[in-house]
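So the chains spell out like this:
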Amino acid sequence: MNALAVLQALGDETRYLLYRELAGSPRALGAPQLAERLGLHTNTVRMHLERMREAGLVDVEPVHRGTVGRPQHVYTLANGAPGLDFDPPAHAVLAGLLAAMAERLGGDATDAEETGRAWGREAARRTRADSCVDVLAKQLTQLGFDPAVEPDGDGTRITFVQCPFRDLAEAYPELVCSLHRGICAGALESAGEGSMQHFSTLYDHDPCHVRVVVGSTPA
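Notes on the structure follow. Please read all numbers here as calculations on a predicted model, not as lab measurements.

Right, let's get into the overall build of the protein. Within the protein, the regular secondary structure consists of 9 helices and 7 strands. In the protein, which comprises 219 residues, the share counted as buried stands at 37%. Long-range contacts, defined as pairs at least 24 residues apart, comprise 54% of the intrachain contacts of the protein with a sequence gap of at least 6. For the protein, the accessible surface area stands at approximately 12400 Å², while carbon and sulfur atoms represent 51% of it.

Right, let's get into the sheet that holds strand β1 (residues 29–30). The antiparallel open sheet is built from 3 strands, whose spatial order is β1-β3-β2. In this open sheet, the two edge strands, each paired with only one partner strand, are β1 and β2 (58–63). Its contacts with the sheet put helix α2 (residues 13–23) on β1, β2 and β3 (72–77), and the angle it makes with β3 is roughly 85°.

The next subject is the pairing of strand β4 (residues 147–152). Put simply, side chains in a regular strand alternate between the two faces of the sheet. Pairing analysis gives 6 bridges linking β4 to strand β5 (residues 155–160), with the strands arranged antiparallel. Note that in β5 the partner of P151 across the bridge is T156. Here β4 hands over to β5 after 2 residues, with G153 in that stretch at a positive phi of 65°.

This paragraph deals with the packing of helix α1 (residues 3–10) against α2. Packed helix pairs are specified by the crossing angle of their axes together with the interaxial distance, meaning the distance between the axes. The geometry of α1 relative to α2 is characterised by a closest axis approach of 6 Å and an angle of 100° between their N-to-C directions. By the angle class used here, α1 and α2 are roughly perpendicular. Along its contact with α1, which presents Q8, A9 and L10, the element α2 presents R15, Y16 and Y19. For the contact of α1 with α2, the residue count by class is 4 nonpolar, 1 polar and 1 charged.

Before going further, it helps to spend a moment on α1. Among the residues of α1, V6, A9 and L10 are the ones counted as buried. Down the axis of α1, the smallest arc covering the buried residues is 85°, so these residues share one side. Residues of α1 that are exposed and angled more than 90 degrees away from the buried face: L4 and L7. Buried-residue contacts for α1 involve α2 and α4 (42–54).

The 4 strands are arranged β4-β5-β7-β6 in an open sheet whose pairing can be described as antiparallel. If you trace the sheet from one side to the other, it starts and ends with β4 and β6 (194–200), each paired once. Averaged over all pairs of adjacent strands, the angle between their axes in this sheet comes to 25°, without regard to strand direction. Here helix α9 (residues 173–191) sits on the sheet in contact with β5, β6 and β7 (209–214), set at roughly 165° to β6.

Okay, unusual backbone geometry next. One non-glycine residue, D146, lies in the positive phi region at around 50°. Within the secondary structure, D146 is located in the loop between α7 (132–143) and β4. A relative accessible area of 40% places D146 in the partly exposed class.

Let's shift gears to the side chain of S195. Mapping S195 onto the fold places it in strand β6. Within the structure, the side chain of S195 is placed 3.2 Å from the side chain of Q197, a separation counted as a polar contact.

Enumeration over the complete set of coordinates arrives at 3 aromatic pairs. Measuring from ring centre to ring centre gives 5.1 Å for F145 and F165, while their planes differ by 85°; the resulting arrangement is edge-to-face. On the criterion of sequence distance, the pair formed by F145 in the loop between α7 and β4 and F165 in the loop between β5 and α8 (166–171) is long-range, its members being 20 residues apart. For F145, a relative accessible area of 0% translates into the label buried. Here F160 and F199 contribute two aromatic rings whose centre-to-centre distance is 5.9 Å and whose plane-to-plane angle is 45°, an arrangement assigned as tilted. Pair noted here: F160 is in strand β5 and F199 is in strand β6, with a separation of 39 residues, a long-range link. A network of ring pairs unites the aromatic residues F145, F160, F165 and F199 as a single cluster.

A few words now on a nonpolar patch on the surface. Taken together, L94, L98, M101 and L105 make up a surface patch of nonpolar side chains, about 420 Å² in accessible area. Mapped onto the fold, L98 is located in helix α5 (residues 90–104). Overall, L98 belongs to the partly exposed group, its relative accessible area being 44%.

Calculation criteria
Residues numbered from 1 in each chain as written. Predicted model: local features only at pLDDT ≥ 70, side-chain atom pairs only at ≥ 80, totals over all residues. Heavy atoms only, no water. Helix = DSSP H or I, 4+ residues; strand = E, 2+ residues; numbered from the N terminus. Buried < 20%, exposed > 50% of the residue type's maximum accessible area, 1.4 Å probe, protein only. Contact = heavy atoms within 4.5 Å. Areas by Shrake-Rupley, 256 points an atom, 1.4 Å probe, with all protein chains shown as cover. Pairing = 2+ DSSP bridges. Axes fitted to C-alpha atoms, helices over the stretch in contact; angles between N-to-C directions. Parallel < 35°, antiparallel > 145°, perpendicular 65-115°, else oblique. Nonpolar A, V, L, I, M, F, W, Y, C, P; charged D, E, K, R; others polar. Arc of directions from axis to C-beta. Polar contact = N/O pair within 3.5 Å; in protein donor to acceptor, adjacent residues only side chain to side chain. Phe/Tyr/Trp six-rings, centres within 6.5 Å; stacked < 30°, edge-to-face > 60°. Patch = residues over 30% accessible without salt bridge, like charges linked within 9 Å, V, L, I, M, F, W, Y side chains within 5 Å. Salt bridge = Lys/Arg side-chain N within 4 Å of Asp/Glu carboxyl O.

In structure tokens form, the structure reads like this:
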């Protein structure tokens, strides 16, 4: 790899940010996904990715989804590309491998939700809080969701401002979002008082959130 070409490619702020996204992702990403994350136009992202490909920093792979038209292209760091300390930590790589294994072995949304529910119940038992909403909010904070709690009619809405599961959720939405749903349901079951009335995932129109109603039957 030509060191000068690498420095010139990463000397641009936009390409540097794109490189960080790719280096920190456990899976390949398409130009539209990168554009959304960085608030850029997709064509602008494609132009910069092509420059990075020419410098030997990224590899591109066409993905055929069985539909008519041009295949989508996804990008990963090329073999030998410098990590620059942006590489995902070992636990993130392990999580991706375990999700892939679960899917390969036939794990489905029900399996994932029950697994999350058991973990959520146990985690809630160790959490001191004044209400079921506080229990859930504390759990989500510890997991890195940066929850925003606000009244919502006869209940409470907890919006996930950040999603530490986002990369895995985009790769395995059924498994990961169901796992998260189970965590929320389990925490509320253990805390008592309330239940989850709605759970919005990455692919719903609303921002990802959970709606909790005290003294009600689960939805």
